[in-house]
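Read off the chains here:
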8 protein chains.
Amino acid sequence: MDEKDMKILDFLIQDGRKPFTEIAKELNTSESSVRKRVKKMEEDGVIKGYSVMVDTPKMGYTVVAQTGFDTNPEDFLSVAQELCTFEEVKKVFTSTGDHMIMTEIWAKNGKELSEIIFNKLGKIKGIKKVCPAIILEQLK
Amino acid sequence: MDEKDMKILDFLIQDGRKPFTEIAKELNTSESSVRKRVKKMEEDGVIKGYSVMVDTPKMGYTVVAQTGFDTNPEDFLSVAQELCTFEEVKKVFTSTGDHMIMTEIWAKNGKELSEIIFNKLGKIKGIKKVCPAIILEQLK
Amino acid sequence: MDEKDMKILDFLIQDGRKPFTEIAKELNTSESSVRKRVKKMEEDGVIKGYSVMVDTPKMGYTVVAQTGFDTNPEDFLSVAQELCTFEEVKKVFTSTGDHMIMTEIWAKNGKELSEIIFNKLGKIKGIKKVCPAIILEQLK
Amino acid sequence: MDEKDMKILDFLIQDGRKPFTEIAKELNTSESSVRKRVKKMEEDGVIKGYSVMVDTPKMGYTVVAQTGFDTNPEDFLSVAQELCTFEEVKKVFTSTGDHMIMTEIWAKNGKELSEIIFNKLGKIKGIKKVCPAIILEQLK
Amino acid sequence: MDEKDMKILDFLIQDGRKPFTEIAKELNTSESSVRKRVKKMEEDGVIKGYSVMVDTPKMGYTVVAQTGFDTNPEDFLSVAQELCTFEEVKKVFTSTGDHMIMTEIWAKNGKELSEIIFNKLGKIKGIKKVCPAIILEQLK
Amino acid sequence: MDEKDMKILDFLIQDGRKPFTEIAKELNTSESSVRKRVKKMEEDGVIKGYSVMVDTPKMGYTVVAQTGFDTNPEDFLSVAQELCTFEEVKKVFTSTGDHMIMTEIWAKNGKELSEIIFNKLGKIKGIKKVCPAIILEQLK
Amino acid sequence: MDEKDMKILDFLIQDGRKPFTEIAKELNTSESSVRKRVKKMEEDGVIKGYSVMVDTPKMGYTVVAQTGFDTNPEDFLSVAQELCTFEEVKKVFTSTGDHMIMTEIWAKNGKELSEIIFNKLGKIKGIKKVCPAIILEQLK
Amino acid sequence: MDEKDMKILDFLIQDGRKPFTEIAKELNTSESSVRKRVKKMEEDGVIKGYSVMVDTPKMGYTVVAQTGFDTNPEDFLSVAQELCTFEEVKKVFTSTGDHMIMTEIWAKNGKELSEIIFNKLGKIKGIKKVCPAIILEQLK
């Protein structure tokens, strides 16, 4: 990855649908060069995909919870992988924080969050503790 | 927002660059109807923008840290807003977890993270404590 | 619920036995209108009931403890429901705080609190940890 | 307080508007005896008042937060007293738990909770930290 | 217990071997009155015994540890009682702090403390976690 | 200190008023030898004093709190020393636990504990946080 | 150990390969005296060995983690001993901190750390929780 | 760094005084090649120095404390650097754990540790909290 790749990425992080012609113009290069570089970054896995940024409350999800999971160490990997299979769980990563598995869960309201956590996720074998923190407002 | 809007959003969350013609075909509707609905959701702020999903280690950021900030309550809002202005701070939100301000910071390595936190962010007036947790691996 | 309903509720939260005639007078409406609205709110479940506010130390309960319970996730719902059946447990709710089940327990003294927690509640299947915090003084 | 007082209180805790005639019948005593005893308990401060139990989500308060406050010790009493003056703060008590001042705050949504905590309460002199925990569902 | 009893106790808390004649003189009463009151307080269990206050480092115990124990709730009472039977465990009480069982353990050095905790106490059935805090210096 | 000293101490820890003649008989030595050894241990500071063990609830202290104090490091020593001067503070020591200063405080009830902590101790310069844990029952 | 031994140790702690002739010169003694004293300290176990101090990032270990382990008390000793057998675990000690077993683990990156902790160490029988903290920069 | 460098380092980590001739023999290479490689690693800073591994209790240090420091963010770097200047502070590093500055401090006993922490280190400007954890036994 050279500096031009980084600049292209910066544009796409800001606006994932920005036309390559516009990016090319701003970088004083050709549309085909931008296209080739983006394709290369997609093939290398630098770019993993494209997404839309949504306003979750406006979608009806009034409760977005960063939720940590504690597991028995021997169940850690299977729990992390099984969490990935749930539609309500939007993100899963491992971390050095208070909980080694962190997730982001979307729910319509507090009662639905309880049900997702305890009736669905809580039944995964090996989970010992679940710790949700509610996001109050996203600023950036 | 009706069910068709939700389905369109689901497609775009999976792939933010998916052509409207393909979405239209899968939903048995016209491209212009999809375009109109997407435009409406953009105007209403349901769709806040588009982005690219990147592999941070492959970009050279070996240290991605979910970093909590504690502040004096009277400085809370100004700190949260000032954090948004730093390029290294990719996300900022308020939360009911251990720290009321949570951020995501990208750094080349541990030493750079120290420098960002203490030489740059730590100088914002009103910050009392900074608690970084390193993301080890993103699974979803 | 309109603004008049909210005002009636405000009066009743202050004084749950306030006569409807007095409420009607203060809101410039008729007693039958207040009665009808209250009945509607009772039917809709906005009003769940009426209660008396007591001074627990004067009743002989020198120890009122906000007590958190940790459970295995798969036992969470059954534990929460079983806690509701104990007379000493006055409130039960689920929360995003340090403990996902929070209760309020009344006891004559510290020794009785120990006995309630360990000889009675502690025997519910699935409880892993019990964390009481004593209320020192209620100010509002 | 004798046993009959305790029984009267039990009835009123269940239903604060229960007519004295019904209580009298169940306790095999006269309505005037119940009335006298209740009046005595009101004068002694055992009964501090009457209230209505509401369903906060149905009232439009989707976020009810048990919120702890840390203060400098010398500001503890003034902070606790000032918190009592805010309409949004429904309960205030001192506790041996993680935070010596605990409150219950009602808000329409997460954003309003942020604003109450930081724009209003956070400006009280002497507060060092604010820790909200969201009530997901009240079971009893 | 009247005020004279409290004063006698205050003298004995300061100096548990203080002769009754001296206490009597300071309280303007007779030695037999003091003796009778002390005997009464012993019979009532107000006075549970007499002890000597020692300097543990000078006795060769360089490590005195306030040690908390977490247990499964159903094993709480049996663990607390079994801890009382160990000679190295000088005090045992139940508490609302971070650990519901708190003890005081005396050891010659850090290695001996490890051995007491893990080879002896750790084998009591039902203990889940042991948390020692070393007393650095006793000031009062 | 030799083994005989240790045995004498063991007797006195059990019963601080045990007559030297009885100790002498059990150790097959003379009363004067015991007296000499005890005097030596008093002079060396191994024995710091004698005390009476009391049942605090029976004395009217329904709330005994192990209370931790956090201070600014530069005020640590002066705070610890000033805490020693309060009659309500029965013990003071420094520790490696969650709070570097730990105390034992006796109070008639929760409200008095609040007043001691905030109206008296909280005014010592340099204290940042006060964390009381209530002793529920002393078992040994 | 006398003062001269301490001074020799100080030199060797600074530079473990410092020739004995240089140490001898600085202490105004003979090389053979230094050699004899060092040998004595090696035999007594005061000196446990010699090592090289390395820059772990320059060796390719970008993630060095101080990692705490919680175990069931009865498995504590076997877990601690088994951890010592892993090549990736550079240090193991028992501590009064938040975790009674502390280790230092070296890994190439976050993903490798996850794998070491969960695929290797996590399979040791008796481990309940693993808490890594990443060292950002070593200053001394 | 190639594989041969890594093997040389492994030998030196085990025994920092191992003669190069022995290392050369085990790696089937010449002493001058080992010497050259070691010199190169010293110049590159991979090898930062050599040290002796000591048994701290046998040296008279009965208390070795891993001690965390919390600071105001703006004082973080100056505190970390000033801690490096104290002889009693053997290691200093920054970390993502509970405390961003971690140190290792050696003391003769608990009382000396108190004095080092509060009379010496605690006076560094900007330190807010000091958290020592005592190492009980080093196993590796």
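Reading guide: rules and limits
- Residues numbered from 1 in each chain as written.
- Chains lettered and ligands numbered in written order.
- Predicted model: local features only at pLDDT ≥ 70, side-chain atom pairs only at ≥ 80, totals over all residues.
- Heavy atoms only, no water.
- UniProt positions renumbered as here; feature names shortened; annotations may be inferred.
- Helix = DSSP H or I, 4+ residues; strand = E, 2+ residues; numbered from the N terminus.
- Disulfide = S-S within 2.5 Å.
- Salt bridge = Lys/Arg side-chain N within 4 Å of Asp/Glu carboxyl O.
- Buried < 20%, exposed > 50% of the residue type's maximum accessible area, 1.4 Å probe, protein only.
- Least-squares fit on C-alpha atoms with pLDDT ≥ 70 in both.
- Contact = heavy atoms within 4.5 Å.
- Buried area = accessible area lost by both parts, 1.4 Å probe.
- Polar contact = N/O pair within 3.5 Å; in protein donor to acceptor, adjacent residues only side chain to side chain.
- Phe/Tyr/Trp six-rings, centres within 6.5 Å; stacked < 30°, edge-to-face > 60°.
- Lys NZ or Arg CZ within 6 Å of the ring centre and 35° of its normal.
- Pairing = 2+ DSSP bridges.
- Expected span 1.5 Å × (residues − 1).
- Arc of directions from axis to C-beta.
- Axes fitted to C-alpha atoms, helices over the stretch in contact; angles between N-to-C directions.
- Parallel < 35°, antiparallel > 145°, perpendicular 65-115°, else oblique.
- Nonpolar A, V, L, I, M, F, W, Y, C, P; charged D, E, K, R; others polar.

Take the UniProt feature "domain: HTH asnC-type" (unreviewed entry) in chain A next. Mapped onto this structure's residue numbering, the UniProt feature "domain: HTH asnC-type" (unreviewed entry) falls at residues 1-62 of chain A. The annotated region residues 1-62 of chain A carries 53% helix and 13% strand content, and the separation between its end C-alpha atoms amounts to 40 Å.

Within this structure, the stated rule accounts for zero disulfides over all chains. Take D:C84: it sits in no disulfide, and the sulfur closest to it among the cysteines is that of D:C131, at 19 Å. Considering cysteine sulfurs only, B:C131 is the nearest to D:C131, which forms no disulfide, with 12 Å between them.

Residues and elements named next belong to chain B. Per the stated rule, a full pass over the model turns up 96 salt bridges over all chains. In this structure, the salt-bridge partner of K39 is E43, at a minimum N-O distance of 3.9 Å. Taken together, the residues span about one helical turn, with K39 and E43 both in helix α3 (residues 31-44) at a distance of four residues. Between K120 and E88 there is a salt bridge, with the nearest N and O atoms lying 2.6 Å from each other. With a gap of 32 residues between them, K120 in helix α6 (residues 110-120) and E88 in the loop between α5 (76-84) and β3 (89-95) connect regions that are remote in the sequence. Taking the relative accessible area as the measure of exposure, K120 reaches 40% and is therefore partly exposed.

At an RMSD of 0.1 Å, chain F and chain E line up after a rotation of 180° and a shift of 0.0 Å along the axis. The symmetry that links the two subunits is that of a two-fold axis. Ranked by how close their C-alpha atoms come to the rotation axis, the residues of chain F are headed by F:S51, at 2.7 Å. Both copies present the same face, since 100% of the interface residues in chain F are matched by interface residues at the equivalent positions in chain E.

Turning to the interface of chain F and chain E, a few remarks are in order. Bring the parts together and some accessible area is lost; that lost area is often taken as the interface size. Facing 52 residues of chain F, the contacting portion of chain E comprises 52 residues. Summed over both sides, the interface of chain F with chain E buries roughly 4,800 Å², with 58% coming from carbon and sulfur. Summed over the shared surface of chain F and chain E, the result is zero salt bridges. At the junction of chain F and chain E, the tally comes to 33 residue pairs in polar contact (both at pLDDT 80 or more). Within the residue set of the side of chain F that touches chain E, elements represented by two or more residues are α1 (3-14), β1 (47-54), β3 (89-95), β4 (101-107) and β5 (127-138) of chain F.

Two aromatic rings, taken as a pair, are described by how far apart their centres are and by the angle between their planes. Within this structure, the stated rule accounts for 16 aromatic pairs over all chains. Both rings, one in F:Y61 and one in F:W106, keep their centres 5.4 Å apart while their planes meet at 55°; by these two values the pair is tilted. Taken together, the residues span a long stretch of sequence, with F:Y61 in the loop between β1 and β2 (63-71) and F:W106 in strand β4 at a distance of 45 residues. Relative accessible area serves as the criterion here: at 10%, F:W106 is assigned to the buried category. When the ring centre of B:Y61 is taken as origin, the NZ or CZ atom of B:K108, which lies over that ring, is 4.3 Å away. Just above the ring of F:Y50 sits the side chain of E:R17; from NZ or CZ to the centre is 5.0 Å.

Turning to the pairing of strand β2 (residues 63-71) of chain A, a few remarks are in order. Residue and element names in this part refer to chain A. With nine of its nine residues buried, β2 lies for the most part within the structure. By the alternation rule, side chains of β2 split into V63, A65, T67, F69 and T71 and V64, Q66, G68 and D70, which are all buried. In this sheet, strand β4 (residues 101-107) lies alongside β2 in antiparallel orientation, the contact comprising seven bridges. For G68, the partnering residue across the bridge sits in β4 and is M102. Sheet topology places β2 next to strand β5 (residues 127-138); seven bridges connect them, and they run antiparallel.

Below, the discussion takes up the environment of H:V52. As for its position among the elements, H:V52 is in strand β1 (residues 47-54). Separated by 37 residues in the primary sequence, H:V52 and H:D15 have C-alpha atoms spaced 9.4 Å apart. Beyond its immediate stretch of four places on either side in the chain, H:V52 contacts G:L9, G:L12, G:I13, G:G16, G:I47, G:G49 and G:Y50.

All names here are of chain F. An ideal rise of 1.5 Å per residue puts 20 Å on 14 residues; helix α3 (residues 31-44) measures up with 20 Å between its terminal C-alpha atoms. What α3 keeps buried is the set S33, V34, V38 and M41. Around the axis of α3, the buried residues are gathered within 130° of arc, so they sit on the same side. Across α3 from its buried face, at more than 90 degrees, point the exposed residues K36, K39 and E43. If you follow the buried residues of α3, they end up packed against α1, α2 (20-26) and β1. Of the residues flanking the end of α3, it is G45, one or two places downstream, whose phi is positive at about 80°.

Quick look at the pairing of strand β5 (residues 127-138) of chain C now. Most of β5(C) sits out of view: nine of its twelve residues are buried. With three bridges connecting them, β5(C) and strand β3 (residues 89-95) of chain D associate as antiparallel partners. Residue pairing across strands places C:I135 opposite D:S95, the latter belonging to β3(D).

This part covers the side chain of D:D5. For D:D5, the location among the structural elements is in helix α1 (residues 3-14). Contact partners of D:D5, with chain neighbours within four places excluded, come to D:R37 and D:M41.

With that out of the way, let us pick up helix α5 (residues 76-83) of chain C. Taken as a whole, α5(C) has its buried residues at C:F76, C:V79, C:A80 and C:L83. Down the axis of α5(C), the smallest arc covering the buried residues is 100°, so these residues share one side.

When its relative accessible area of 14% is taken as the criterion, G:Y61 is described as buried. Measuring from C-alpha to C-alpha, the distance between G:Y61 and G:I105 comes to 9.8 Å, with 44 residues separating the pair along the chain. Ignoring sequence-local partners within four residues, the contact set of G:Y61 consists of G:T56, G:W106, G:A107, G:K108 and H:M6.

As a further point, take unusual backbone geometry. Residue and element names in this part refer to chain A. The residue N28 is not glycine, and still its phi comes out positive at about 55°. Examined against the element boundaries, N28 turns out to sit in the loop between α2 (20-26) and α3 (31-44). For N28, a relative accessible area of 74% gives the class exposed.

All names here are of chain H. Orientation of helix α1 (residues 3-14) relative to helix α3 (residues 31-44), taken along the N-to-C sense of each, is 85°, at an axis distance of 10 Å. Judged by the inter-axis angle, α1 sits roughly perpendicular to α3. Across from K4, D5, I8, L9 and L12 in α1, the residues of α3 making contact are V34, R37, V38 and M41. Across the contact of α1 with α3, the residue classes break down as six nonpolar, no polar and three charged.

With that settled, the discussion passes to the sheet that holds strand β4 (residues 101-107) of chain G. Taking strand neighbours around the barrel as the criterion, the eight strands line up as β2(G)-β4(G)-β3(G)-β5(H)-β2(H)-β4(H)-β3(H)-β5(G) in a closed arrangement whose pairing is antiparallel. For this sheet, the mean angle separating the axes of adjacent strands, direction not counted, is 40°. The strands touched by α6(B) within the sheet are β5 (127-138) of chain G together with β3 (89-95) of chain H, with β5(G) carrying the most contacts at an inclination of about 75°. Helix α5 (residues 110-120) of chain H rests against β2 (63-71), β4 (101-107) and β5 (127-138) of chain H of the sheet, and its axis sits at about 135° to β4(H).

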